[in-house]
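# An overview of the molecular structure
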Amino acid sequence: QPSACLRCEPADEPPTSTDDRTTIGLVELILKHPDHVDRLTRDDTRQADLVPRFLAISLVGFTIFGVAATVMLNAAVAMGSAGAWPRGIPAAHWGDWSVANLTLAYAIGLVAATGICLPSFYFFGLLAGVNPTMLGVLAHAMKGKSVAAITLVGIVPIYVAVVLAMIAINLPADLTQLTLYGALVLPFV
């Protein structure tokens, strides 16, 4: 008898060449088989193993984005395309220790914000009748962070191309600054 619910049918299993026990394999699964990653994240026996790997993926992705943001801000300001350093953006200049400000803000700040919100996630899960474990809540939150970090890494080439084109064309400083502001808030969207 055919199933009335297509979503209830088992999803395709990932190819045997994808190792879900390695971090690179987990990245490949996030990109190619997100349903399998969802099943892994719900498996109570795998959550303790997945959390540090999701954290590593998140930190690497946010670090790549932070470095790209720092490079593009410095390039736009150095070429005069953005005028002065954009207001409200912390200093991240090539020649001093502030160069790491944006990268650290993205990598550590976004992950720390999730850590601060974990008790709320747990509490709202209890209110919804889900009966979660704190490890389960952490695994799901870190899976979301790692997906966001991978998405940002995918956006980086577009971001770099747009900003470099704006610098090359020498568009007005206000427009370049607006584009830089838009790119800097991408991790929060």
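The residue numbers shown here count from 1 along each chain, following its written sequence. In keeping with the predicted nature of the model, local features appear solely for residues at pLDDT of at least 70, side-chain atom pairs appear and are counted solely at 80 or more, and the whole-chain, interface and lining totals rest on all residues. Side-chain descriptors were evaluated using all non-hydrogen atoms of the structure, hydrogens and water having been removed beforehand.

### Things to note about the packing of helix 1 (residues 23-32) against helix 5 (residues 134-169)
- Simply put, an axis is a line fit to the C-alpha atoms, just over the touching stretch for a helix, and the angle between two N-to-C directions goes from 0 to 180 degrees. Helix and strand labels come from DSSP, where a helix needs a run of H or I of at least four residues and a strand needs a run of E of at least two; each type is numbered from the N terminus. Relative to each other, helix 1 and helix 5 sit at 80°, their axes nearing to 11 Å. With respect to helix 5, the element helix 1 is oriented roughly perpendicular. Side by side, helix 1 and helix 5 meet where Val27, Ile30 and Leu31 of the first sit next to Ser146, Val147 and Ile150 of the second.
- Per-class residue counts for the contact of helix 1 with helix 5 are five nonpolar, one polar and no charged. For classification, angles of less than 35 degrees are called roughly parallel, those exceeding 145 degrees roughly antiparallel, those between 65 and 115 degrees roughly perpendicular, and all remaining angles oblique. Whether two residues are in contact is decided by their heavy atoms, any of which lying within 4.5 Å being enough. Side-chain classes are defined by residue name, with Ala, Val, Leu, Ile, Met, Phe, Trp, Tyr, Cys and Pro counting as nonpolar, Asp, Glu, Lys and Arg as charged, and the others, Gly among them, as polar.

### Some words on the packing of aromatic side chains
- Note on aromatic contacts: the rings of Phe and Tyr and the six-membered ring of Trp form a pair at centre separations within 6.5 Å, being stacked when their planes are under 30 degrees apart, edge-to-face when over 60 apart, and tilted otherwise. Tallied over the entire structure, the rule returns four aromatic pairs.
- Centre to centre, the rings of Tyr106 and Phe188 are 6.4 Å apart; their planes meet at 35°, and the pair counts as tilted. One end of the pair, Tyr106, is in helix 4 (residues 101-127); the other, Phe188, is in the segment after helix 6 (173-184), and 82 residues separate them in sequence.

### Quick word on a nonpolar patch on the surface
- On the surface, Val67, Val71, Trp94 and Val99 cluster together into a nonpolar patch covering about 320 Å² of accessible area.
- Take Val67: it is sitting in helix 3 (residues 47-78). Residues enter patches when they are more than 30% accessible in relative terms and free of salt bridges; like-charged ones are connected within 9 Å and nonpolar ones (Val, Leu, Ile, Met, Phe, Trp, Tyr) within 5 Å. Exposure was quantified through the Shrake-Rupley algorithm and a 1.4 Å probe, taking into account, for residues, occlusion by the shown protein chains and nothing else. Counted as salt bridges are all cases of a side-chain nitrogen of Lys or Arg within 4 Å of a carboxyl oxygen of Asp or Glu.

### Quick look at the environment of His140
- Here His140 is to be found in helix 5.
- The rule is simple: take the accessible area with a 1.4 Å probe, protein chains only, and divide by the maximum for that residue type; under 20% is buried, over 50% is exposed, in between is partly exposed. For His140, a relative accessible area of 35% puts it in the partly exposed group.
- With near-sequence residues (within four places) excluded, His140 lies in contact with Thr41 and Arg42.

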